[in-house]
Amino acid sequence: MPTEEAVTPVTAFLLVKTTPEWLGLTVQQRVDAFTTQVVPAIEAKTTGVRSRFYDTEFYSARVTDVWVWEADDHHAYQLLIDALRETPFWDRYFEVVDLLVGTENGYARTYGLDAVATIAT
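Anyway, here's the lowdown on the structure attached to this text. (Residues numbered from 1 in each chain as written. Predicted model: local features only at pLDDT ≥ 70, side-chain atom pairs only at ≥ 80, totals over all residues. Heavy atoms only, no water.)

As a further point, take helix α3 (residues 74-85). Helix length check: α3 (12 residues) gives 17 Å between terminal C-alpha atoms against 16 Å at 1.5 Å per residue, within 8%. Three or more residues of α3 are buried, namely Ala-76, Tyr-77, Leu-80, Ile-81, Ala-83 and Leu-84. Projection of α3 onto a plane perpendicular to its axis shows the buried side chains occupying an angular sector of 160°, all on one side. The N-cap residue of α3 is Asp-73: its side-chain oxygen and the backbone nitrogen of His-75 are 3.1 Å apart. (Helix = DSSP H or I, 4+ residues; strand = E, 2+ residues; numbered from the N terminus. Expected span 1.5 Å × (residues − 1). Buried < 20%, exposed > 50% of the residue type's maximum accessible area, 1.4 Å probe, protein only. Arc of directions from axis to C-beta. Polar contact = N/O pair within 3.5 Å; in protein donor to acceptor, adjacent residues only side chain to side chain.)

Written as structure tokens, this is what we have:
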């Protein structure tokens, strides 16, 4: 009898630093580069991913931005990273400083517990 594998959403924190090439572009050129070079590559390679982008350069000299990705599963995440690596985003416009990947409240799923670390008020 086949067993069903539980699908666990993946969250990735992509910590990046802008490059001089990116900073040399005008704001409009940056928007155009992102919407014509990065987004179409992601959309062509994967589904089931969502993102949020955070500016951090006014708080950190090491990391200028954090791009938070949520993927429906590990395969969607893998396809996302493969897509990003094929664009100028990866190591041309941004240096990838670190990549932190996890699953929200994984301990709770492992032990069959309610999540105690996530608080909503």
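Position of Val-10 relative to the elements: it lies in strand β1 (residues 10-18). A relative accessible area of 1% means that Val-10 is categorised as buried. When the C-alpha atoms of Val-10 and Trp-69 are compared, they prove to be 8.0 Å apart, with 59 residues separating the residues in sequence. Setting aside its immediate chain neighbours within four residues, Val-10 contacts Trp-69, Glu-70, Ala-71, Asp-73, His-74, Tyr-77, Val-101 and Gly-102. (Contact = heavy atoms within 4.5 Å.)

Looking now at the sheet that holds β1. Note on sheets: strands pair through backbone hydrogen bonds, and any given pair is parallel or antiparallel. With antiparallel pairing, the four strands of this open sheet are ordered in space as β2-β3-β1-β4. With partners counted over all chains shown, the strands left at the sheet margins are β2 (49-55) and β4 (94-102), one partner each. Neighbour to neighbour, the strand axes of the sheet diverge by 20° on average, direction disregarded. Direction of pairing for β1 relative to strand β3 (residues 65-71): antiparallel, over a ladder of seven bridges. Within β3, the position partnered with Leu-15 by the bridge is Val-66. (Pairing = 2+ DSSP bridges. Axes fitted to C-alpha atoms, helices over the stretch in contact; angles between N-to-C directions.)

The backbone of Asp-91 sits at a positive phi, close to 70°, despite the residue not being glycine. Along the chain, Asp-91 turns up in the loop between α3 and β4.

Turning our eyes to something else, we now look at the packing of aromatic side chains. Scanning all chains against the criterion turns up nine aromatic pairs. Measuring from centroid to centroid gives 5.1 Å for Trp-22 and Tyr-93, while their planes differ by 55°, and the two rings are tilted. With Trp-22 in helix α1 (residues 20-23) and Tyr-93 in the loop between α3 and β4, this residue pair connects regions lying 71 residues apart in the sequence. Accessibility expressed as a relative area gives 5% for Tyr-93, which makes it buried. Plain terms: the ring middles of Trp-67 and Trp-69 are 4.9 Å apart, the flat faces sit at 50° to each other, and that makes the pair tilted. Classification of Trp-67 by relative accessible area gives buried; the value is 2%. An aromatic cluster is built from Trp-22, Phe-34, Phe-53, Trp-67, Trp-69, Phe-89, Tyr-93 and Phe-94, whose rings are joined through pairwise contacts. (Phe/Tyr/Trp six-rings, centres within 6.5 Å; stacked < 30°, edge-to-face > 60°.)

The next thing to look at is the environment of Lys-17. For Lys-17, the location among the structural elements is in strand β1. Owing to a relative accessible area of 27%, Lys-17 belongs among the partly exposed residues under this scheme. Setting aside anything within four residues of it in sequence, one finds Lys-17 in contact with Ala-61, Arg-62, Thr-64, Tyr-93, Phe-94, Glu-95 and Val-97. Polar side-chain contacts of Lys-17 include one of 2.5 Å to the backbone oxygen of Ala-61.

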